[in-house]
Amino acid sequence: QVQLVESGGGLVQAGGSLRLSCAATGSLLRFNAMGWYRQAPGKQRELVAVIYIGGTTNYADSVKGRFTISRDNAKNMVSLQMNSLQPEDTAVYYCAASDRIRVVIIDEYDYWGQGTQVTVSS
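What comes next is a walk through the structure. This is a predicted model, so every value here is computed, not measured.

The next subject is unusual backbone geometry. Positive phi is not limited to glycine here, since asparagine 76 has a value of about 55 degrees. Looking at the secondary structure, you find asparagine 76 in the loop between β7 (67–72) and β8 (77–82). Classification of asparagine 76 as buried rests on a relative accessible area of 4%. Unusually for a residue other than glycine, serine 84 sits at a positive phi of about 50 degrees. Mapped onto the fold, serine 84 is located in the loop between β8 and β9 (91–98).

Take a look at the structure:
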């Protein structure tokens, strides 16, 4: 059974940094896409960043220049380095992965972690 386990969330002051990590277990495949979504209370779950197996990345406009996604294909892990954090970044962050050829929208991610809380104080 595939499982994704996130770590690295916490409380940080505005301008600070956090690094989130996600470890995938239970699969022989290297996922086509591994990414991070976030969800604030009362809001829809939104894409933060995604990285494909070949290294192509995509970021939400709100985090470009501040966040960096990376993956280790051999270890089936994905990380999100978050710098210059702002209160608007406060949310539960979820690791997501997919084996599909097309992985663009949220419904195309088949595996999800339980989430890790990121809180940015002003």
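Structure shown, so let's carry the discussion forward.
A separate point is the nonpolar core. Counting residues in each nonpolar core, the largest one holds 28 residues, and the members touching the most others are Trp36, Leu80, Met82 and Tyr93. Broken down by secondary-structure element, the contributors of at least two residues to this core are β3 (18–25), β4 (33–39), β5 (46–52), β7, β8, β9 and β11 (116–121). Contacts of leucine 80, omitting those with residues within four sequence positions, involve Leu18, Arg19, Leu20, Trp36, Val48, Ala49, Phe67, Thr68, Ile69 and Tyr93.

Let's shift gears to the state of the cysteines. Scanning all chains against the criterion turns up one disulfide. Paired by a disulfide, cysteine 22 and cysteine 95 hold their sulfur atoms 2.1 Å apart. Its S-S torsion of about -80 degrees marks the bond between cysteine 22 and cysteine 95 as left-handed, since a negative value means left-handed. Within this pair, whereas cysteine 22 is found in strand β3, its partner cysteine 95 is found in strand β9, the two being separated by 73 residues in sequence.

All right, on to the pattern of salt bridges then. Side chains that differ in charge, positive against negative, can pair when their charged atoms come close. This structure, assessed with the given rule, holds five salt bridges. Residue lysine 64 is joined to aspartate 61 by a salt bridge in which the shortest nitrogen-to-oxygen separation is 3.0 Å. Accessibility expressed as a relative area gives 65% for aspartate 61, which makes it exposed. For arginine 66, the salt bridge identified is with aspartate 89, shortest N-O distance 2.8 Å. Residue arginine 66 is located in the loop between β6 (57–59) and β7, and its partner aspartate 89 is located in the loop between β8 and β9; the two are separated by 23 residues in the primary sequence. The pair arginine 66 / aspartate 89 is uniform in exposure class, with both members buried.

What counts and how
Residues numbered from 1 in each chain as written. Predicted model: local features only at pLDDT ≥ 70, side-chain atom pairs only at ≥ 80, totals over all residues. Heavy atoms only, no water. Helix = DSSP H or I, 4+ residues; strand = E, 2+ residues; numbered from the N terminus. Buried < 20%, exposed > 50% of the residue type's maximum accessible area, 1.4 Å probe, protein only. Core = buried A, V, L, I, M, F, W, Y, C linked by side-chain atoms within 4.5 Å. Contact = heavy atoms within 4.5 Å. Disulfide = S-S within 2.5 Å. Salt bridge = Lys/Arg side-chain N within 4 Å of Asp/Glu carboxyl O.

Purely geometric stuff here, so don't read any function into it on its own.
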